[in-house]
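# Chains, contacts and geometry: an overview
Chain by chain, the residues:
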Amino acid sequence: MSKANPKLIAVGDNCLDVYLTKGFLAVGGNALNVAVQWRRHGLNARYFGAVGQDPEAAITLAAIAAAGLEPGDVEIRPGPSAVTLLADDAGERRFLLESLGVGEDYIPEQRRYDALRNADWVHLGTNASAELVRRLVADDISFSIDLSTRHFALPLEGVPLVFASGPDDPLEPVEPLFAAFSAAGAREVVITCGPRGSYHQLGHTRVAAGAVPVVVLDTCGAGDSFIASFITARVLDGLPPAEALARSAERASETCTHLGGFPQPVQNIPQWLLGKYDGLIRSVEVKSA
C-alpha cells in the first residue's frame, strides 16, 4: 500500500491490567495496544472501543489521551469497564478475573462503523464480535483479527488476515493449525509461538522467523506490538512475509523490556478498586502501594 497517511483503526478490547502481587496497574487490551503502537510510530491511528460509567473508565481514557489517541472515539456505555486481575506465582502469571465489561461483543455505532468503511486497515482485538466479523467481510473491508488462543470461536470465512497463538514446544507441529485455519476460510495467517518464533502462511507458501532474545521485564502486550508492526510492515510497507515477521519480532522484544502493553506511567492500585474485588483477592498477597 503506497497511499500517503493511511487510515488505521483498531477496534475492540481495552482493560485495566491490575498486577496484584506487584502493586500496580496499567492500561491495556489488544485493540488499544495495537492502536497505541501505531500512534507511537507516527501513523494515522484511531481506537474504537467502549468503557463504562465508573472510575476505571477515567483511568483508561486518561491513558488513551496521553498516548495521543482521541478519547472521544471511545463510547461510554452504562455498565462496568473491563478489568483484568493478575497474580504472579513464582514467575507464572495467574488470571483471577478477566472481565470484558461493556466492551463484550462490542460493535461500533453507525457513524464509527462508517469510518471503518473508509479506513485503509482495521484490526479487531481479541474477543471480537462474530456479527462484526461477518459485517466487515460482507462489506469487503480490509481487516485482521487477533484470535489469541480462541482459534475457532469466530467465523473466519473470508477474513483477510488472522493472528493466533500457537505452541511454544518446537516438537509440536504448526501444520495442523495452519490447515485448520485454511479450511475455516482464513486467507492469510500468522501464528506466534513465543520463544519458538513466528510463522506465516499465504496459500501454499509458509515462512518462519525466530524470536529475539531479551531480558524480560513484562511480556504483557508483546504480541500486540508484534501485530501492529506486522500490519505496518506487510500491509503498508509491502515487505515480504519473512522480513515482516523479523521486524515484528524486534518490536515485540522491545515491549518485553517495560511494564504494561505500551510505555506509560504505571499507577498504584487504588484502595477503592481493591475493595470491589475483595472476595476474589483474599487468597492473594497484594503488594502495598
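Before reading further, recall that the structure is shown in the block above.
As a starting point, this report considers the structure included with it. Just so we're clear, the structure is a prediction, and the values are computed from it rather than from any experiment.

### Regarding the sheet that holds strand β1 (residues 7-11)
- What the nine strands build is an open sheet, ordered β5-β4-β1-β8-β9-β10-β11-β12-β13; its pairing is mixed. In this open sheet, the two strands that pair with only one neighbour each are β5 (74-76) and β13 (205-209). Neighbouring strand axes in the sheet, compared pairwise and without regard to direction, differ in orientation by 15° on average.
- The pairing of strand β4 (residues 44-51) with β5 spans three bridges and is parallel. Among the inter-strand pairings, Val-51 is bridged to a residue of β5, identified as Ile-76.
- Against the sheet, helix α5 (residues 175-184) engages β10 (161-165), β11 (188-192), β12 (198-202) and β13, with an angle of about 145° to β11.

### So, the packing of helix α1 (residues 30-40) against helix α6 (residues 222-236)
- Contact geometry for α1 and α6: axes closest at 8 Å, N-to-C directions at 50°. When the axes of α1 and α6 are compared, the pair comes out oblique. The interaxial crossing formed by α1 with α6 has right-handed handedness. Contacts between α1 and α6 involve Asn-30, Asn-33, Val-34, Gln-37 and Trp-38 on the former and, on the latter, Asp-224, Ser-225, Ile-227, Ala-228, Ile-231 and Thr-232.
- The class makeup of the residues in the contact of α1 with α6 is five nonpolar, five polar and one charged.

### Remarks on the nonpolar core
- Val-18, Leu-20, Trp-38 and Leu-85 are the most contacted members of the largest nonpolar core, which has 56 residues in total.
- With nine residues, the top contributor of residues to this core is α6.
- Grouped together as the second largest cluster of nonpolar side chains are 35 residues, Leu-136, Phe-143, Ala-164 and Tyr-199 included.

### A word on the state of the cysteines
- Within this structure, the stated rule accounts for zero disulfides.
- The thiol sulfur of Cys-193 is not disulfide-bonded, and the nearest other cysteine sulfur, from Cys-256, lies at 15 Å.
- Cys-193 sits in the buried class, given a relative accessible area of 0%.

### Topic: the layout of surface pockets
- Of the volumes computed, that of the second largest pocket is approximately 200 Å³.
- In terms of lining, the second largest pocket is formed by 14 residues, of which the most central are Gln-37, Arg-40, His-41, Ser-229 and Arg-251.
- Contributions of two or more residues to the lining of the second largest pocket are made by α1, α6 and α7 (241-255).
- The residue makeup of the lining of the second largest pocket, split by class, is three nonpolar, seven polar and four charged.

### Brief notes about the side chain of Asp-146
- Looking at the element boundaries, Asp-146 is found in strand β9 (residues 143-146).
- At 3.1 Å, the side chain of Asp-146 forms a polar contact with the side chain of Asn-30.

### What to know about the pairing of strand β8 (residues 121-124)
- Where burial is concerned, the two faces of β8 agree: the one with Trp-121 and His-123 and the one with Val-122 and Leu-124 are both buried.
- One ladder, built from four bridges, connects β1 with β8; its direction is parallel. Residue pairing in the sheet places Leu-8 in a bridge with Trp-121 of β8.
- Pairing analysis gives three bridges linking β8 to β9, with the strands arranged parallel.

### Some thoughts on the pattern of salt bridges
- Tallying each qualifying case throughout the model produces eleven salt bridges.
- Several salt bridges converge on common partners, so that one network encompasses Glu-75, Arg-77, Glu-109, Arg-111 and Arg-112.

### Focus: α1
- Of all eleven residues in α1, nine are buried, a share of seventy percent or more.
- All of the buried residues along α1 are Asn-30, Ala-31, Leu-32, Asn-33, Val-34, Ala-35, Val-36, Gln-37 and Trp-38.
- Just downstream of α1, Gly-42 is the residue with a positive phi angle, here 80°.

### Quick look at the packing of aromatic side chains
- Per the stated rule, a full pass over the model turns up three aromatic pairs.
- Judged by centre distance (4.5 Å) and plane angle (20°), the rings of Tyr-19 and Phe-24 are stacked.
- Taking NZ or CZ as reference, Arg-135 lies 4.0 Å from the ring centre of Tyr-113, over its face.

### A few points about the environment of Phe-152
- Within the element layout of this structure, Phe-152 appears in the loop between β9 and β10.
- With a relative accessible area of 44%, Phe-152 lands in the partly exposed category.
- With near-sequence residues (within four places) excluded, Phe-152 lies in contact with Leu-177, Ala-180, Phe-181 and Ala-184.

Thresholds applied
Residues numbered from 1 in each chain as written. Predicted model: local features only at pLDDT ≥ 70, side-chain atom pairs only at ≥ 80, totals over all residues. Heavy atoms only, no water. Pairing = 2+ DSSP bridges. Helix = DSSP H or I, 4+ residues; strand = E, 2+ residues; numbered from the N terminus. Axes fitted to C-alpha atoms, helices over the stretch in contact; angles between N-to-C directions. Contact = heavy atoms within 4.5 Å. Parallel < 35°, antiparallel > 145°, perpendicular 65-115°, else oblique. Left-handed = near helix turned anticlockwise from the far one by under 90°. Nonpolar A, V, L, I, M, F, W, Y, C, P; charged D, E, K, R; others polar. Core = buried A, V, L, I, M, F, W, Y, C linked by side-chain atoms within 4.5 Å. Buried < 20%, exposed > 50% of the residue type's maximum accessible area, 1.4 Å probe, protein only. Disulfide = S-S within 2.5 Å. 1 Å grid on protein atoms, 1.4 Å probe; cavity = no way out; pocket = protein on both sides within 12 Å on 5 of 7 lines; lining within 4 Å. Points joined across faces, edges and corners; volume = space filled by probe spheres on them. Polar contact = N/O pair within 3.5 Å; in protein donor to acceptor, adjacent residues only side chain to side chain. Salt bridge = Lys/Arg side-chain N within 4 Å of Asp/Glu carboxyl O. Phe/Tyr/Trp six-rings, centres within 6.5 Å; stacked < 30°, edge-to-face > 60°. Lys NZ or Arg CZ within 6 Å of the ring centre and 35° of its normal.

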